[in-house]
Amino acid sequence: MNGWIIQKKLSGENHEVQRLVEEFEKQDIKIRVVNPQDVDIFVDRDDRKSIIVDGEPRKLPDFVLPRTGSGTTYFIKAIIRHLERLGVTMINGSEAIDNVKDKLYSQQILGQSSLPVPKTMLVKHPINVGLVEKNIKYPMIVKTLSGSYGSGVFMVEDRKQFRQLMKMAELSNARYNIIIQECIEDSLGKDLRVLVVNGKVVGCMMRQSIDGDFRANITRGGEAIPYQIDEDIEWIGGECARLLNLDIAGVDLLFDNDSYVICEVNSAPGFKGMEKYTKINVAEQMVDFIKKKVGSKSVSYTHLRAHETVLDL
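In what follows, the accompanying structure is described.

Rules and cut-offs
Residues numbered from 1 in each chain as written. Predicted model: local features only at pLDDT ≥ 70, side-chain atom pairs only at ≥ 80, totals over all residues. Heavy atoms only, no water. Helix = DSSP H or I, 4+ residues; strand = E, 2+ residues; numbered from the N terminus. Buried < 20%, exposed > 50% of the residue type's maximum accessible area, 1.4 Å probe, protein only. Contact = heavy atoms within 4.5 Å. Areas by Shrake-Rupley, 256 points an atom, 1.4 Å probe, with all protein chains shown as cover. Pairing = 2+ DSSP bridges. Polar contact = N/O pair within 3.5 Å; in protein donor to acceptor, adjacent residues only side chain to side chain. Axes fitted to C-alpha atoms, helices over the stretch in contact; angles between N-to-C directions. Parallel < 35°, antiparallel > 145°, perpendicular 65-115°, else oblique. Nonpolar A, V, L, I, M, F, W, Y, C, P; charged D, E, K, R; others polar. Core = buried A, V, L, I, M, F, W, Y, C linked by side-chain atoms within 4.5 Å.

## Describing the overall build of the chain
A tally of regular secondary structure across the chain gives 9 helices and 16 strands. Counting only residues that meet the buried cut, the chain has 47% of its 313 residues in that class. Partitioning the contacts of the chain with sequence separation of at least 6, the portion at a separation of at least 24 is 66%. Total accessible area on the chain is roughly 16700 Å²; 49% of this is exposed by carbon and sulfur atoms.

## Some points on the pairing of strand β11 (residues 178-182)
Taken across its 5 residues, β11 has 4 buried, putting it largely inside the fold. Note that strand β8 (residues 120-123) and β11 share 4 bridges and pair antiparallel. Residue pairing in the sheet places Met121 in a bridge with Ile180 of β11. Looking at chain direction, strand β9 (residues 140-144) and β11 are connected through 5 bridges and run antiparallel. The residue of β11 that forms the bridge with Thr144 is Ile178.

## Regarding the environment of Val282
Relative to the helices and strands, Val282 resides in helix α9 (residues 282-312). The class for Val282 is buried, based on a relative accessible area of 1%. In this structure, the C-alpha to C-alpha distance between Val282 and Arg19, residues 263 residues apart in sequence, is 8.9 Å. Residue contacts for Val282: discarding those within four places in its chain leaves Leu195, Phe271, Met274 and Glu275.

## Focus on the side chain of Asp247
Counting through the fold element by element, Asp247 comes out in the loop between α7 (231-243) and β15 (248-256). In this structure the side chain of Asp247 is engaged in a polar contact, spanning 3.0 Å, whose partner is the side chain of Lys293. Each residue touching Asp247, except ones within four places of it in the same chain, is listed here: Met90, Ile91, Asn92, Val196, Val197, Asn198, Gly199, Phe289 and Lys293.

## Here we look at the pairing of β9
In terms of residue burial, β9 counts as a mostly covered element, since 4 of its 5 residues are buried. As paired elements, β9 and strand β10 (residues 153-156) share 4 bridges and run antiparallel to each other. Its bridge partner lying in β10, Met140 is registered against Val156.

## Notes on the packing of helix α3 (residues 94-101) against helix α4 (residues 103-112)
The interhelical angle for the contact between α3 and α4, taken along N-to-C directions, is 100°, at an axis separation of 5 Å. Between α3 and α4, the angle is such that the two are roughly perpendicular. Along the contact surface, α3 presents Asp98, Asn99, Val100 and Lys101, while α4 presents Lys103, Tyr105, Ser106 and Ile109. Across the contact of α3 with α4, the residue classes break down as 3 nonpolar, 2 polar and 3 charged.

## Describing α4
Owing to its 3.6 residues per turn, the α-helix brings residues three or four apart onto one side. Residues of α4 that are buried include every one of Lys103, Leu104, Ser106, Gln107, Ile109 and Leu110, and no others. Its side-chain oxygen placed 3.0 Å from the backbone nitrogen of Leu104, Asp102 serves as the N-cap of α4. One or two positions beyond α4, positive phi appears at Ser114, with a value near 65°.

## Section: the nonpolar core
What tends to happen in soluble globular proteins is that the nonpolar side chains get buried as a cluster. One finds Ile5, Leu20, Phe24 and Ile290 to be the most contacted residues of the largest nonpolar core, which totals 25 residues. For this core, the elements supplying multiple residues, two or more each, are α1 (15-26), β6 (63-66), β12 (190-197), β13 (200-208) and α9. Apart from residues lying up to four places away in sequence, Ile5 is in contact with Val17, Leu20, Val21, Phe24, Ile31, Arg32, Val33, Val34, Leu65 and Arg67. Ranked by size, the runner-up nonpolar core spans 24 residues in total, among them Val194, Ile233, Leu253 and Tyr260.

## Observations concerning the sheet that holds β9
Strand pairs in the sheet, formed through backbone hydrogen bonds, run parallel or antiparallel to each other. An order of β8-β11-β9-β10 is seen for the 4 strands of this open sheet, with the pairing classed as antiparallel. The open sheet has two free edges, formed respectively by β8 and β10, since each of these has just one partner strand. Direction aside, neighbouring strands of the sheet carry axes that sit 25° apart on average. Sheet strands in contact with helix α6 (residues 159-172) are β9, β10 and β11, and its direction is about 150° off that of β10.

None of this, on its own, says anything about what the molecule does.
Right under this line is the structure:
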């Protein structure tokens, strides 16, 4: 069995990719980390069994694990779709990545199934401040439609701050795409990161800001502790993954009195903090699932070919 991890070239080392490579190698699975900028795709009538990487035709992998998340550009998505069309097993396919890359769309999907989501509004230009204030009270959360690690997320406490932020957004990009969400005040400075693999919650931790920031992301300096997985967490996490068609998902939950509200869902969740604070071997859980999924597909395909042979006779 051999596979690819699609990961943009970074200035430093990527912890999650390193851990996945370690676990794949432990299970004798050949793994290659592929920079999407090194890939070229060709579309023609031939039944291609290869794809161009570093200028050379490469045999198709058995599976591909995209780790580009909200940074998935049109070009990267084209690569993923091309490999899907060639029959390669994707661990989070193009549709699933699209579902969560657009934060408004993912909220629409989840809200339509009556999952707990914050009240959300898409801002259009010119902004009708009165309409926003009529539907969402201060403080409110302002988000770009695509972002990760807490980037592109702001809290505004009054009309003056809101107007200033919108003006800045307009000056930087007149075609900005922004959503406004109600602020779940019970969860300011803390949230839950829930990791879901194959529809099952495999880990949960509570993240906490230590500098007064309303965001609790560990990548922004927060800390975390293990958190007991209860029935609500298990159900919400599993349903988020199922509805968004995610094999592997990071679900961020906010505290709301004695219940939870879905903040957002990620298709390429970081898990350095999860492994550090919960001592769960997340990479191993992911590799075990991938091995079973690819193996079961191979068995199904072999059975189908055998059945076709019998029919030919």
